[in-house]
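Structural description and commentary
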Amino acid sequence: MDKLVLVPTYNELHNVEPLIARLLALPYGLEVLVVDDGSPDGTGDRVRLLMAREPRIHLIERGRKLRLGSAYLAGFRHALDQGAELVFEMDADFSHDPDAIGEFLEAAREADLVLGSRYLHGAVKVVNWPLERLILSYCANLYTRIITGMPVHDATGGFKCFRRRALEGIRLDQVQSDGYAFQIEVSFKVWKRGFRIREIPIVFVDRRAGVSKMSRRIIWEAAWLVWRLRFVDLLGRVE
């Protein structure tokens, strides 16, 4: 296993099969790992059927809905155990364009973590979001950059590519946040460990099917996390 794309799912029956097909059709020899939280719509069942025909598809079934951050961590550990050198994370709802994978691979030649950014070079590349959500997201990233000092424009995005050494270089067992906060925390720890981070522009398109998992809890968790990271950094205790 060389390049693994990690896709957490919950009730993504209508998206998961076409997404996997798009990823496997790319000329990069990708493998796909779906981490499904017991989707009642049959997402996990559909992935098992696909696995029977394609050995590059993998599945972790967790039985019930757990925290999104823990799904990423389960996927990271599986990827490392299987020897993956490049580990992608992306959403299952086509908000992230599979065709951008090639640009991530190019950037990963000189970076340990590549972030897909919606807010790079003064441009905002988000399609079909209501204005209030766009303002919230943009301001959250500005807030994160100011408080933590992390030099990235889109710390809350979920389209990323990690080199193996970056994931091995942080304490995955010490990452406990979720949602947007998870994305911030992992990138912050990679940065503080001295690994190279690069942002590349992407276009984010609001999900084409299903229901958003956004909640107030996720927003508030991210808002408080940046202060915790700042204080832990000042104490020299980033793990």
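Now for a quick tour of the structure.

What counts and how
Residues numbered from 1 in each chain as written. Predicted model: local features only at pLDDT ≥ 70, side-chain atom pairs only at ≥ 80, totals over all residues. Heavy atoms only, no water. Salt bridge = Lys/Arg side-chain N within 4 Å of Asp/Glu carboxyl O. Helix = DSSP H or I, 4+ residues; strand = E, 2+ residues; numbered from the N terminus. Buried < 20%, exposed > 50% of the residue type's maximum accessible area, 1.4 Å probe, protein only. Pairing = 2+ DSSP bridges. Axes fitted to C-alpha atoms, helices over the stretch in contact; angles between N-to-C directions. Contact = heavy atoms within 4.5 Å. Parallel < 35°, antiparallel > 145°, perpendicular 65-115°, else oblique. Nonpolar A, V, L, I, M, F, W, Y, C, P; charged D, E, K, R; others polar.

**Some points on the pattern of salt bridges**
Oppositely charged side chains may form a pair once their charged atoms are brought near each other. Applying the stated criterion across every chain, the model contains 15 salt bridges. With a closest N to O distance of 2.1 Å, Arg48 and Asp45 form a salt bridge. Here Arg48 and its partner Asp45 are both found in helix H2 (residues 43–51), 3 residues apart, which amounts to about one turn of the helix. Using a relative accessible area of 42% as the deciding quantity, one classes Asp45 as partly exposed. Between Asp173 and Arg171 there is a salt bridge whose closest N-O contact spans 2.9 Å. For Asp173, a relative accessible area of 44% translates into the label partly exposed.

**Looking at the sheet that holds strand S7 (residues 160–163)**
Backbone-to-backbone hydrogen bonds pair the strands of a sheet. The strands run either parallel or antiparallel. A sheet is described by the order of its strands in space; here 7 strands give the open sequence S3-S2-S1-S4-S7-S5-S8, paired in mixed fashion. The open sheet is flanked by strand S3 (57–61) and strand S8 (197–201), the only strands paired with a single partner. For this sheet, the mean angle separating the axes of adjacent strands, direction not counted, is 20°. The pairing of strand S5 (residues 113–117) with S7 spans 3 bridges and is classified as antiparallel. Bridge assignment links Leu115 to a residue of S7, and that residue is Lys160. Against the sheet, helix H3 (residues 68–81) makes contact with strand S1 (3–9), strand S2 (31–36), S3, strand S4 (86–89) and S7, and its axis sits at roughly 155° relative to S1, the strand it touches most. Against the sheet, helix H7 (residues 179–192) touches S4, S5, S7 and S8, its axis set at about 35° to S7.

**Details of the packing of H3 against H7**
For the pair H3 and H7, interaxial distance at closest approach is 8 Å and the crossing angle is 45°. In terms of their interaxial angle, H3 and H7 are classed as oblique. Contacts between H3 and H7 involve Leu68, Gly69, Tyr72, Leu73 and Phe76 from the former and Gly179, Phe182 and Gln183 from the latter. Its residues assigned to classes, the contact of H3 with H7 shows 5 nonpolar, 3 polar and no charged.

**Considering the environment of Val190**
Secondary-structure assignment places Val190 in helix H7. Judged by relative accessible area, Val190 falls into the buried class, the value being 0%. Considered as a pair, Val190 and Ala166 are 24 residues apart in the sequence and their alpha carbons are 6.2 Å apart. Sequence-distant contacts of Val190, that is, excluding residues within four places in its chain, are made with Leu113, Phe162, Ala166, Ile170, Phe195 and Ile197.

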